[in-house]
Amino acid sequence: MSEELEKRVEQIMTESGVFRCVECGKCVVGCPMAKMYASFSFEISPRGVLKKALLGPDPMKDESIWFCTECNACTETCPEGVSCRDLTAGLRKLAVEVGMAGQGLFCQHCGKLFLPSHVMKYLEERLGKVQWQFLHLCPPCRRERYVLLNS
Amino acid sequence: MNWLEFYEGRGLVVDLASGKVRQEALKPEDAEAKVGGAALNVALFQRYAESDPIILSTGPLTASFAPASCLAVMTAKSPVNGNLYHVPLTWQAGAELKFSGLDYIVLLAQANKPVMLRVRRGQAELTSAETLWGKDIPETVRTVRSANPGDSRSILAIGPAGEGKTPYAQVNQNFWGTLDKAGFGAAWGRKKLKALVMTGMGGRVKVDPDHPALSRQLAEEIKKGMPAKMTGSTAIFKKLGEKIPGPGLLSSPAKHFACFHCPFPCQTFIERKKSKAFLRFLLTDPGGAMAFRNRGKRAFDSLAECFRLGLEPMAAALCFESAKGEEAGKPGAFSNLLQQGEDLLERGLPNIQKLAPWPGPENDITAIAGKSSFSTGIPPIAPEGGAAGQSAREWARRVAFSMILGVCPLLMLIASTLNEEKLIAFMGREDKEIAANMGRLRGATRDLLGEMADPPA
Amino acid sequence: MLNLNKTSSDRNSSGVKTNHPALVFDPRLCTGCRTCEMVCAQSHFGTVSSGKAAIRSLCLEEQGKIFSIYCQHCQEPLCLEVCPIKAISRNAEGLVCLDSKACVDCGLCTAACPEGAPLRDPETHRVQKCDLCKGEPACVAACPSQALRYGPAKSPSWIRFPRWAVQAVAFFLLVIVLVGTVCSLSLGDFNLTCPVGFLQEIVASQTIILATIASALILLVLTVFFGRVFCGWLCPFGFILDLVGRFFPRFGNPKILRARQTKYSVLAASIVGSAAVGHQVFCPVCPIGTVCRSYGVKDFFFGSGLAVIPVALALEIGEKRNWCRYLCPVGALFGLMAKVGLMKVVIGAHQCKKFSCMECAEVCPVGIVDKEMLREGVSPALSMAECIMCLRCVEHCPYGAAKVRLKGQAVRPHGVEGFSVTPVTGTSREPSS
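Procedures and definitions
- The residue numbers shown here count from 1 along each chain, following its written sequence.
- Think of it this way: whatever chain is written first is A, whatever ligand is written first is 1, and the rest follow in order.
- Only residues with pLDDT of at least 70 are given local features in this predicted model, and only at 80 or more are side-chain atom pairs given and counted; all residues enter the totals for whole chains, interfaces and linings.
- Under the scheme used here, helices are H or I runs from DSSP no shorter than 4 residues and strands are E runs no shorter than 2 residues, and both carry numbers assigned from the N terminus.
- Note on burial: count the other C-beta atoms lying within 10 Å of the residue's C-beta; 20 or more is buried, 12 or fewer is exposed, in between is partly exposed, and C-beta positions come from the backbone.
- Residue pairs are scored as contacts if the distance between their C-beta atoms, which are placed from the backbone, is within 7 Å.
- Gly falls in the polar group here, along with every residue not listed as nonpolar (Ala, Val, Leu, Ile, Met, Phe, Trp, Tyr, Cys, Pro) or charged (Asp, Glu, Lys, Arg).
- Any helix carries an expected span of 1.5 Å times its number of residues minus one.
- DSSP-based pairing: two strands are paired if at least 2 bridges between them are found.
- Simply put, an axis is a line fit to the C-alpha atoms, just over the touching stretch for a helix, and the angle between two N-to-C directions goes from 0 to 180 degrees.
- Delimitation of the domains relies on an automatic or database domain assignment.
- We define a nonpolar core as a collection of buried residues of the types Ala, Val, Leu, Ile, Met, Phe, Trp, Tyr and Cys that are connected via C-beta atoms lying within 7 Å of each other.

Peer 1: For this particular structure, what's the right way to read the overall build of chain C?
Peer 2: Per the secondary structure count, chain C includes 17 helices and 13 strands. For chain C, the proportion of its 433 residues judged to be buried stands at 50%. Sequence-distant contacts, at least 24 apart, represent 70% of the contacts inside chain C between residues at least 6 apart.

Peer 1: Teacher, can you tell me more about the interface of chain A and chain C here?
Peer 2: As a measure of interface size, the accessible area lost when the parts come together is often cited. Taken together, the contact between chain A and chain C spans 29 residues of the former and 38 residues of the latter. When residues of the side of chain A that touches chain C are traced back to their parent elements, those giving at least two are α3 (33-36), α7 (117-127) and α8 (139-150) of chain A. Here the side of chain A that touches chain C gets 10 residues from one element, more than from any other, and that element is α8 of chain A. A class-by-class count of the residues in the side of chain A that touches chain C yields 14 nonpolar, 9 polar and 6 charged.

Peer 1: Explain helix α14 (residues 329-339) of chain C here, please?
Peer 2: Residues and elements named next belong to chain C. Within α14, 9 of the 11 residues are buried, leaving the element largely enclosed by the surrounding structure. Within the span of α14, buried status applies to Pro329, Val330, Gly331, Ala332, Leu333, Phe334, Gly335, Met337 and Ala338. Residues of α14 that are buried in the fold lie against α6 (195-205), α7 (210-226), α8 (229-234), α10 (262-277), α11 (287-293) and α13 (322-326).

Peer 1: Could you clarify how one ought to interpret the environment of Pro380 of chain C in this entry?
Peer 2: Residues and elements named next belong to chain C. Within the fold, Pro380 resides in the loop between α16 (371-375) and α17 (392-396). Residue classification places Pro380 among the buried residues on the basis of 24 C-beta atoms within 10 Å. Spatially, the C-alpha atoms of Pro380 and Gly348 are 9.0 Å apart, while their sequence positions differ by 32 residues. If near-sequence neighbours (up to four positions away) are discounted, Pro380 is found in contact with Ile347, Val369, Asp370, Met373 and Leu374.

Peer 1: Mind showing me how you'd approach the environment of Ala187 of chain B here?
Peer 2: Residue and element names in this part refer to chain B. Its location among the elements puts Ala187 in helix α6 (residues 184-191). For Ala187, a count of 28 C-beta atoms within 10 Å translates into the label buried. Along the sequence, Ala187 and Arg397 sit 210 residues apart, while their C-alpha atoms lie 28 Å from each other. Ignoring any residue separated from it by four or fewer positions in sequence, one finds Ala187 in contact with Ile54, Ala76 and Pro79.

Peer 1: What am I meant to see in α8 of chain A here?
Peer 2: Because an α-helix packs 3.6 residues into every turn, residues spaced three or four apart end up facing the same way. Residues and elements named next belong to chain A. Spanning 12 residues, α8 covers 16 Å between terminal C-alpha atoms, matching the ideal 16 Å at 1.5 Å per step. Where burial is concerned, most of α8 is hidden: 11 out of the 12 residues are buried. For α8, every residue scored as buried is listed here: Pro139, Pro140, Cys141, Arg142, Arg143, Glu144, Arg145, Tyr146, Val147, Leu149 and Asn150.

Peer 1: Would you mind going over the pairing of strand β8 (residues 123-128) of chain B with me for this structure?
Peer 2: Sheet faces and side chains relate simply in a regular strand, where the side chains alternate between the two faces. All names here are of chain B. Judged from the 6 bridges that link them, strand β7 (residues 115-120) and β8 form a sheet pairing that is antiparallel. What sits directly across from Leu117, in β8, is Leu126. Between β7 and β8, which follow one another and run antiparallel, lie 2 residues, and Gly122 among them has a positive phi close to 80°.

Peer 1: Looking at this structure, how should I read the sheet that holds strand β13 (residues 255-257) of chain B?
Peer 2: Strand pairing within a sheet occurs via backbone hydrogen bonds; the two strands may be parallel or antiparallel. Residue and element names in this part refer to chain B. What the 3 strands build is an open sheet, ordered β13-β14-β15; its pairing is antiparallel. Sheet topology places β13 and β15 (277-282) at the edges, where each strand pairs with a single neighbour. When strand polarity is set aside, the average angle formed by the axes of neighbouring strands in this sheet is 25°. Here β13 pairs with strand β14 (residues 267-274) via 3 bridges, running antiparallel. Residue His256 lies in a different strand from β14, and its bridge partner there is Thr268. Strands in contact with helix α10 (residues 299-309) are β14 and β15; relative to β15, the strand with the most contacts, it is inclined by about 70°.

Peer 1: I would appreciate a short explanation of the pairing of strand β5 (residues 84-89) of chain B in the present structure.
Peer 2: All names here are of chain B. Of all 6 residues making up β5, 5 are buried, and the element is well covered by its neighbours. Two strands pair when backbone bridges link them, and strand β4 (residues 72-77) and β5 are joined in this way by 6 bridges, in the antiparallel orientation. Bridge pairing in β5 links Thr75 to His86. Between the antiparallel neighbours β4 and β5 lie 6 residues, among them Gly82 with a positive phi of about 75°.

Peer 1: What's the story with the domain arrangement of chain B in this structure? I'm lost.
Peer 2: Residues and elements named next belong to chain B. Here chain B is partitioned into domain 1 (1-226 + 354-457) and domain 2 (227-347). Across the contact, 50 residues belong to domain 1 and 42 residues belong to domain 2. Among the elements of the structure, α3 (93-99), α4 (137-147), α5 (160-163), α7 (211-224) and α17 (409-414) are those that each provide at least two residues to the side of domain 1 that touches domain 2. Here the residues of the side of domain 1 that touches domain 2 are counted per class, giving 29 nonpolar, 16 polar and 5 charged.

Peer 1: Help me out: how do you make sense of the domain arrangement of chain C in this one?
Peer 2: What the domain assignment reports for chain C is domain 1 (23-150) and domain 2 (157-338). Measuring from the centre of the C-alpha atoms in domain 1 of chain C to the corresponding centre in domain 2 of chain C gives 49 Å.

Peer 1: Explanation requested: the nonpolar core in the structure shown.
Peer 2: In summary, soluble globular proteins display a tendency toward joint burial of nonpolar side chains. Residues and elements named next belong to chain B. Counting residues in each nonpolar core, the largest one holds 312 residues, and the members touching the most others are Ile404 and Leu411. Top contributing element to this core by residue count: helix α16 (residues 391-405), with 9 residues. Among residues more than four places away in sequence, those in contact with Leu411 are Pro67, Ala68, Cys262, Phe264 and Leu418.

Peer 1: Can you help me understand the sheet that holds β8 of chain B in this one?
Peer 2: Residues and elements named next belong to chain B. Taken in spatial order, the 5 strands line up as β8-β7-β11-β9-β10 in an open sheet, and their pairing is mixed. Unpaired on one side and paired on the other, β8 and β10 (172-173) mark the two borders of the sheet. When strand β9 (residues 154-157) meets β10, the two strands line up antiparallel, connected through 2 bridges. Paired with Leu156 across the bridge in β10 is Gln173.

Right, dumping it as structure tokens:
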């Protein structure tokens, strides 16, 4: 990992307060991922992503950052004010910038990253193998499309 | 009800030269003496006069349940004649400014490079607008919005006209024109301020549980006072006794847009097929439309082109009239107007060296409006029910107090049933509250109008 | 796992859906004043703030479109299916409720919703959704142009009375009372001839008796005016299918029986076959004719030709009115006439609740309402060649969206710029068992 990238990762970690983590595990308790993924494990939990970032290298290349829904429940329960959501979001953004965002889904209209692929897989599990176009649009574009179809 | 709760209590002071953005508290004595809107702007202008200020503010009733509570007011010295003017900004500007948690924004000095100011609740930042500089209005708005889809409800921006500092430049809102007839586009251009993006979406506006019902009641009264089928831009023209300036205005189903919380839509969305493309715009500027009516079928094309470039339509139309007519028909005629005013004079290109007056017949109201510090884009609609010979004063009074309270002056002129008492009721209905607020409003209105302030007999 | 074809059980005794509380929004009346956002926030949070509202007035300024987005309280809520902590439920009144206390604001409900109705407050990051204000929606009362109305409205469920009555009377007359059948019927000077039989006859015998053309044209002209009303209201075999079909379980069709064009092939084959053989080939096995002929002085429901009826009936285990959809050449000919006919059944997008209701798709006996298009948020066009004009969609639509119109009348919003929609076309779907 180049120096520049290391610096960026460092910055993301500082801004999300990762170094304050005391490993209490409260973040995992409230995390909805436990109810979404049969394969839920330490690896993809907030604590797991945090540990991976701390130990490095290249946390943004890791697949484990593409399971989170960014709901922020972890941040809200954290007694130390660590934001695992910000860490994950920051790493994802970095991954997009360096072209390593294969696990992300981009809105078919505006091109913005709006859903991690694992979350989409979860949606498909729950909804069935449906071919609905709207699922591949981010919510603002989806609303715009709905308006254009009906007015 | 603590009347100060109707204010956000905060203003933003932006020093464009240094790039510093500072928040300051709204002084209660300012609110007490000036209430808000245009009157507050005068006080702020004087306070910051040395730094070439442009002030934008809302009133205490902006974004409240008062009818047409959409207003923000922009005040500055006009680059054309150096006089102070107040421009009403309707549509979403006032509401989004208030939702951003601000009572006013003061823009000082000049930036070295093109900048954009973005405000939202709790945040304000000046960012570089170098990639936006040179873009026309629709391109600018699209670019800003594509960075954040679903955001940026109100964008005030200048187009190539403002960038070129021509005195016929306007500050536009979103894709269309505003009632800025004072050439503030050039003032922004001088400051290298490309856009002000208000990403409100927040808001903690003080309201009472019975306000929606009160607002509904007033809306019913207003509707009763209007003849049926009088809606959209047609209503403004009919009230003025003018003919409709262009084709397609009455085509049904015409879509009529209303500004924030206004029960009476007075802007028609024009949509016409022209060969392969569509001409689409919102008729936000009745004066602008009328100014081009001598262009017949091409009136709306000209208006839309002015909106696109950030040109002030009333002035642009006058420029073409002053030319020999052929100039107006040449391709790229509008682009010529984008150059500096002095250049136009030297090159013998069409120009006027003044603010464009209202493009209609002269009467008492246009006389008073021309002398006032209100934008000449506010239609000279005579308010009904006044005593004979008083309509001009009543016009000025209504425009003044609406632009202080933060409600749209056009509705005040169209709906004769609305008055200060009914609006003030949204700030408290107990007798002593009403008395106190009326006192403040009357004082501020008087100051704003100078000797034109005596209420009608 | 979402069962896409489950039918809701909340119908009253007449089979009409009862609990779908819904706000109906008419974009033609909306002026974009955002008062709905204001009162929504005010009634729930005591302050005016567009971010806190559960309804959003979207303005697509360049296209001049204004529209309000809000929760439609779907019959089959997708948000309910995907919520990982089951914070969303549907109560007995049909209200889809989001439990804010349990909600962790993951936004998966928004990700699953066809219109992205659950809205996120950008300040607090909390997700919220319309709760219909416990039965008196504030936005409805406050809208200055009455663009929002509160349903559920009543549907014209009386339509089934005249339809069953006409079907029964037609059955009675054609089968039991009148001598002759749809194939060929005389009542004094009045002659009626089945047009398909007529076509087969003229190619078989290679003669046209001019006097008989009029009697063959009667049903065709009826179809040009009213669409395939014969199939929906008069056909005696159709009547049997409607009556008996209620008791059939349905398993979907095998691959060979999925193309609506098949019946046109049957029609072509009947005509060509008749020309080749020299007499009508289809009429002896036509279920319609067979039903009519089955009742006679001596031969009450007797005869070898009767074997065709149970076979055609048995098709009902595939889909409703399976015979009519894929095989009936009489329907095929009427379908061709209906294509150039004067009437159409349409679903008006302004009233239609699309993915949140889908009632018409469930009751349509010939399955021409494309459920996938409804899911995508589009009110589909209906093919008049396939529609049998039974008007069940009109009968069951609580919002007055399904209606009969003249061909020339413009109805739905048309055209989308900047977005392409490629929905699945109206072929039958395999139900998931």
